[in-house]
Amino acid sequence: MRKKIIIANWKMNYDFYETTSFLRNFLRIFFEKKINNNKKIIIAPSFPFLHVSNQILQGTTFSIASQNIYQMDKGAYTGEVSAIMLKSIGIQKVILGHSERRELFLENNDILMKKIKIALKHGFYIIFCVGEKAIERDRNEQFTIVKQQLFETVFHCSLNEINSFCIAYEPVWSIGTGITATSEEVQIMHKFIRNLFSDKYGKQVSNKLSILYGGSINDTNAKDFFSQKDIDGGLIGKNSLEIEKFLKIIQS
Ligand code: PGA
């Protein structure tokens with residue numbers, strides 16, 4: 001059985017008060033309502049609040065991920081945060097390859113490969129994002145693009161290292177836009193990705209790999225996505241910022 005995973009990517013939204021009160025209220029409601037949950041829940045707050053967030057979730061099955069790391073261990077890199085620093089406050093998961101990082105912060109596949117290497121070196125679990133832009137889908141290039149993104153990054157890793165990954169397919173045109181791909185379109189892409197892993201690492205690895213969808217998932221469309229054979233959960237942006245909506249997505 002593959003792990004079902006739901007990740008809340010809070011991006012640059014919540015301050016200290018919003019972060020801590022969300023987590024405390026979320027836990028209270030979750031346990032009060034005895035929410036039936038078989039999914040792994042991961043929350044990715046902003047850097048300054050990772051430590052306190054991790055403390056709040058201590059002793060629960062929920063965990064915290066960082067939204068980024070820098071590709072070096074230490075040194076003169078003003079403003080950056082290393083994997084070592086995160087590890088020292090108990091953070092061991094990271095989102096890499098998000099399209100906002102690729103687009104706005106010019107993280108190309110070379111940089112991402114360095115980030116992957118450093119994350120693996122420090123024992124991180126990596127949520128690695130891939131996905132095509134609107135113009136690329138219009139040209140029917142989505143499969144070529146996703147394949148290239150994987151071949152130039154994750155596929156440099158060893159068979160052993162692949163156990164530290166889940167993949168998030170996030171078509172860029174559906175992120176934060178309210179426009180989603182259809183669940184059938186996403187299923188086709190997920191199957192394609194699983195087959196690429198099968199060809200490279202074998203069936204056993206590909207069958208175990210969790211592949212998540214991300215892009216305008218909400219409390220009404222989540223069920224449709226999560227019922228597809230190769231969609232093993234979601235990476236949720238906007239709709240993870242409201243407890244009620246997020247809980248409904250978890251239960252979908
Ligand atoms: P969204 O973001 O759910 O707001 O579309 C998803 C993401 O960026 O991971």
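Use the structure listed above.
First, a word on what this report is: a plain description of the structure on this page. (Residues numbered from 1 in each chain as written. Predicted model: local features only at pLDDT ≥ 70, side-chain atom pairs only at ≥ 80, totals over all residues. Heavy atoms only, no water.)

**Quick notes on the packing of helix α1 (residues 16-32) against helix α11 (residues 243-250)**
It is at 11 Å that the axes of α1 and α11 come closest, and there the two elements cross at 50 degrees. The angle between α1 and α11 falls in the class oblique. α1 and α11 meet at a crossing whose hand is right-handed. From α1, Phe22, Asn25, Phe26, Ile29 and Phe30 reach across to α11, where they touch Ile243, Glu244, Phe246, Leu247 and Ile250. Counted by class, the contact of α1 with α11 contains 8 nonpolar, 1 polar and 1 charged residues. (Axes fitted to C-alpha atoms, helices over the stretch in contact; angles between N-to-C directions. Helix = DSSP H or I, 4+ residues; strand = E, 2+ residues; numbered from the N terminus. Parallel < 35°, antiparallel > 145°, perpendicular 65-115°, else oblique. Left-handed = near helix turned anticlockwise from the far one by under 90°. Contact = heavy atoms within 4.5 Å. Nonpolar A, V, L, I, M, F, W, Y, C, P; charged D, E, K, R; others polar.)

**A short note on the sheet that holds strand β2 (residues 40-44)**
Strand order in this open sheet of 8 strands is β3-β2-β1-β8-β7-β6-β5-β4, and the pairing throughout is parallel. The open sheet is flanked by β3 (63-64) and β4 (93-96), the only strands paired with a single partner. Where strand β7 (residues 211-214) meets strand β8 (residues 233-236), 2 bridges bridge the pair, whose relative direction is parallel. Pairing of Gly214 across the sheet is with Leu235, part of β8. (Pairing = 2+ DSSP bridges.)

**Here we look at the packing of aromatic side chains**
Throughout the structure, instances matching the rule amount to 19 aromatic pairs. Between Phe155 and Tyr201 the ring centres are 5.7 Å apart and the planes differ by 80 degrees, which places this aromatic pair in the edge-to-face class. With Phe155 in the loop between α7 (142-151) and β6 (165-169) and Tyr201 in helix α8 (residues 183-201), the pair connects residues that are 46 residues apart, well separated along the chain. You can call Phe155 buried: its relative accessible area is 4%. On the basis of relative accessibility, which here comes to 11%, the residue Tyr201 falls in the buried class. By way of ring pairs, the aromatic residues Trp10, Tyr14, Phe22, Phe26, Phe30, Phe31, Phe62 and Phe246 are connected into one cluster. Directly above the ring of Tyr125 sits Lys40, whose terminal nitrogen or CZ lies 4.5 Å from the centroid. (Phe/Tyr/Trp six-rings, centres within 6.5 Å; stacked < 30°, edge-to-face > 60°. Buried < 20%, exposed > 50% of the residue type's maximum accessible area, 1.4 Å probe, protein only. Lys NZ or Arg CZ within 6 Å of the ring centre and 35° of its normal.)

**What about the site of the ligand?**
Near the ligand lie 13 residues; those nearest to it are Lys11, His98, Glu170, Gly176 and Ser216. At a separation of 2.7 Å, an oxygen atom of the ligand approaches a polar side-chain atom of Lys11. Between the ligand and the protein, one listed contact pairs an oxygen atom with a backbone N or O atom of Lys238 at 2.9 Å. Contact with the protein chains hides 98% of the accessible area of the ligand, taken as 290 Å² for the molecule alone. (Near = heavy atom within 4 Å. Polar contact = N/O pair within 3.5 Å; in protein donor to acceptor, adjacent residues only side chain to side chain. Areas by Shrake-Rupley, 256 points an atom, 1.4 Å probe, with all protein chains shown as cover.)

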